[in-house]
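Listed here are the chains, written in short residue letters.
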Amino acid sequence: MKRLLYFLFVIPVGFSFGQSLKKDLPGIIADKIKMEIKLDGVLDEPIWQQEGWAEDFQQFFPSDTSLAKAQTRVKVAFDDKFLYIAAVMSNLGPRRPDEYVSTSLRRDYRGEQNDGVSFVFDTFNDYSSGFQFGINPFGVQRESLIANGGMQSTDLNLAWDNKWYSEAKIYEDHWIIEAAIPFSTLRYNDGASNWNVNFYRIDSKSNERSTWSPIPRNFNVINLAFNRKLIFSEPLKKESTNLSLIPYAAMAADRNFLKGTSNPLTPTFGGDAKIGVGPAMNMDLTVNPDFSQVEVDEQVTNLDRFEIFFPERRQFFLENADLFADFGSTNLRPFFSRRIGVDRDENTGQNVQNQILFGGRLSGKLDDNWRIGAMNMQTANDESRGIEGKNFTVAAIQRKVFTRSNIGVIFVNRETLNGELNIPLFNDSLSNRLLGIDYNLASKDNKWTGKFFYHKSFEQEDLDNTATAHAALNYATQSISASVAFSQVGENYNPAVGFTPRNDYKRGFASFEYEFFPRSNLINRHGPGVETETLWNEELGITDGLHALFYRIRFQSLSTLTVTAGNRYTYLFSDFDPTRTGGEPLLAGTDYNNTLIGFRYISNPRKKVYVSLRGDFGEYFTGNIRTVQGTMSWRMGYIANISMNFSYNNIRLPEPQNDADLFLIGPRIDLTFTKTLFWTTFLQYNNQIDNININTRIQWRYAPVSDLFIVYTDNYFPSTFVSKQRALVMKLNYWFNI
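For the structure given in this document, a descriptive report is provided here. (Residues numbered from 1 in each chain as written. Predicted model: local features only at pLDDT ≥ 70, side-chain atom pairs only at ≥ 80, totals over all residues. Heavy atoms only, no water.)

## A look at the pairing of strand E31 (residues 591-602)
When a strand is regular, its side chains alternate between the sheet's two faces. The line we're drawing: Paired strands, in this sense, are two strands between which DSSP finds at least two bridges. Secondary structure is summarised from DSSP: a helix means a run of H or I of at least four residues, a strand means a run of E of at least two, and numbering begins at the N terminus for each.
The sheet contact formed by strand E30 (residues 560-571) and E31 spans 12 bridges and is antiparallel. When the bridges of E31 are listed, Val563 appears paired with Phe599. Taking the residues between adjacent antiparallel strands as the criterion, E31 and strand E32 (residues 609-620) are bridged by six residues.

What follows is the structure in structure tokens.
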């Protein structure tokens, strides 16, 4: 164990000392102004006539070695209350408004097919967290938080909402935006004289992405490692507290036809508060939170032996989520917020929603190097289902080291209320706690990244082997991507508020990919790769293995094709039905070696018809499997997006196991009537669980960040269309800035 801890924390520090430095590029100056700025897309104010524009944008895609063809200019100014931005996006010739691509007029658009310009601010100059604001040619806004240095697209969190103001105007051969961002919506040090900043643009006509500060194309366009300086002509002052109240009122009714129970239309009330605490901290409070407007999960066909991970969608848990959720790694998460508000119905044995009574979260920066987060949530008792309320506490502290790396400590505690609600308030015999330390490596040039951690769970019974340790190191250049990882999970490791589908194993993983960049009008890059993964434990030896070769081609159109060939080894710890349809299971203690081939294809996202397709064919336990799944989408301007998610698994097994044809079909219609009125309908048919689900949602944004939702959900038996259960919810919220 001492050698493992040495590898986890000492060797990575050596890599950090070896981080290479890049030559700093000149920044831009933001002048303080006293004039009024009218947001109209007409740059007639004197400040916009002055010099000091950010110009000479560099291509990020399809190449990263030349200036952008469609150039962009950005200028920044400020006064006591607002940060002002003007941007001019030039085209390669005349362009009609309908030639710009906007998948919807809904706020928080996402996707590289959308025309737009975005502004990234690293307000603490830490190269690891930041704010992003974006606008498209039709004036649709988006705002987001960036975590983990923006190393991958999932580090962009569009759940963060705040009020800011902008206007866009389309001209014959260019388009212009003007924006005003209240300083009260941002977190930064009082007296700050500069921030790190970058700007990037997506132009669908020329199929070009460009950035002001150059970013190598093998990294993500939101990567914070390559930002330049935004220098303020006067130090910034934090003169006001950002206090927001978001109350809601809701009416809901539901009926369960299987149990013969129903609830009449019942009003509920609650809300959130957002309070700025000092210049760089934020407190979020919630009372009786309601998540009825959150879109239902996209179902999957489950052919796995273990629990499936579904991402968090509830906004309260998404804001600043990286402070808690980024501890650990895939399938080794010490904290998973979806455990809060879900409990076991003792009557049926099923997981059900459990009311959250209240909660609070404090998160943000103590100074340039220290970042903290603390959250506490309380759920309710439900005697009818045998559920006792639980209290969840999560605390995290993170210290920046070197340029972009950090060390963090997390503590997770779950307590269960005494059934009689007497003293002591909690039943200590049911408590579950976890303490962990993580080291996140990120070199200044982003070539070296890594994750190293040690976590230990604690329960009343004093057990051995209750810890997990993990080490992963990644290396990336323009042509080479390589990773190695090792994990060790104890037999009795039990993070009850985390996500760890299995324990008692060791895991080794390695991958290598090499890419060629040809001079071609068709192919942007291509190359081979290999991945290998092995799981084993002391008692059984090797229990799982996956070894695969692949070849990936990315085209200039942004479409991608990957072909794979691999071998999978599986040892069954317990009896398992490969189709999960109630057939004769395969017996525990048996093992299987299967070979498969497959492909992945993603079409050009800028086209009106978009396809994402995956196929796998080969051996499956004692038989064979053919899998085809994907998404087909049809975009009708920004008025309508019609898509179809589908999955088909053709499984053929020798007797006595069942054959199966598993279908999952999910058509979705997303209609945009105006910038403030939207209607989304999502239907899912899954024959593995014998269910049809319909979820339809109308959203009216009647004021900035304030909405009326009407949501109807129903579940049916596919064979008879007899309803299982249905619900209707109407929810109204309003955002007050005080």
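Further notes follow.
## Some thoughts on the nonpolar core
Inclusion rule: For the purposes of this section, nonpolar cores are sets of buried Ala, Val, Leu, Ile, Met, Phe, Trp, Tyr and Cys residues that join through side-chain atoms within 4.5 Å. Accessible area is worked out with a 1.4 Å probe on protein chains only. A residue is then buried under 20% of its type maximum, exposed over 50%, and partly exposed in between.
The biggest cluster of nonpolar side chains holds 42 residues, and the ones touching the most others in it are Phe119, Phe121, Ile177, Trp195 and Phe199. Secondary structure elements with two or more residues in this core: strand E1 (28-32), strand E3 (72-78), strand E4 (82-90), strand E5 (116-122), strand E6 (130-135), strand E10 (174-182), strand E11 (194-203) and strand E13 (228-232).

## Quick word on the side chain of Glu312
Note the cut-off: Contacts described as polar in this section are N or O atom pairs within 3.5 Å, which, within protein, must combine one atom able to donate a hydrogen with one able to accept it, while residues neighboring in sequence count only if both atoms come from side chains. Residue contacts are defined here by distance: any two heavy atoms, one from each residue, within 4.5 Å place the two residues in contact.
Along the chain, Glu312 falls in the loop between strand E16 (281-287) and helix H2 (315-318). Overall, Glu312 belongs to the buried group, its relative accessible area being 15%. In terms of polar contacts, Glu312 uses its side chain to reach the side chain of Ser337, at 2.6 Å. Once residues lying within four places of it in the same chain are set aside, the contact partners of Glu312 are Phe317, Leu318, Ser337 and Arg338.

## Concerning the environment of Val197
Here Val197 lies in strand E11. In this view, Val197 contacts Val120, Phe121, Trp212, Asn227, Arg228, Lys229 and Leu230; residues no more than four positions away in its chain are not counted.

## Some details on the packing of aromatic side chains
Put simply, the test is: Stacked, tilted and edge-to-face pairs are distinguished by plane angle, under 30 degrees for stacked and over 60 for edge-to-face with tilted covering the rest, among Phe, Tyr and Trp rings (Trp via its six-membered ring) whose centres lie within 6.5 Å.
Tallying each qualifying case throughout the model produces 35 aromatic pairs. Taking the centre distance of 5.8 Å and the plane angle of 65° together, the rings of Phe183 and Tyr188 count as edge-to-face. On the basis of relative accessible area, Tyr188 is assigned to the buried category, the value being 1%. When the ring of Tyr592 is compared with that of Phe621, the centres are 5.3 Å apart and the planes differ by 75°; the resulting orientation is edge-to-face. Placement of the pair is Tyr592 in strand E31 and Phe621 in the loop between E32 and strand E33 (623-636), with a sequence separation of 29 residues.

## Some thoughts on the pattern of salt bridges
So the rule is basically this: Any carboxyl oxygen of Asp or Glu within 4 Å of a side-chain nitrogen of Lys or Arg constitutes a salt bridge here.
In this structure the tally under the stated criterion is 34 salt bridges. Across the pair Asp284 and Arg361 runs a salt bridge whose closest N-O atoms are separated by 3.2 Å. Linking Asp284 in strand E16 with Arg361 in strand E19 (residues 356-365), this pair joins segments that are 77 residues apart in sequence. Classification of Asp284 by relative accessible area gives buried; the value is 1%. Look at Arg361 and you get buried, because its relative accessible area is 3%. When salt bridges with common partners are traced through the structure, they connect Arg95, Asp115, Arg201 and Asp203 into a single cluster.

## Description of the side chain of Lys400
This is how it is decided: All tallies of charge rest on Lys and Arg as positive and Asp and Glu as negative; His and the ends of each chain are not included.
Mapping Lys400 onto the fold places it in strand E21 (residues 390-401). No salt bridge is formed by the buried Lys400; the nearest opposite charge belongs to Asp126, separated by 6.1 Å. Those residues within four positions of Lys400 in sequence are excluded, and the remaining contacts are Asn125, Asp126, Asp368, Asn369, Ser405 and Asn406.

It is worth stressing that arrangement in space is one thing and function is another; only the former is reported here.
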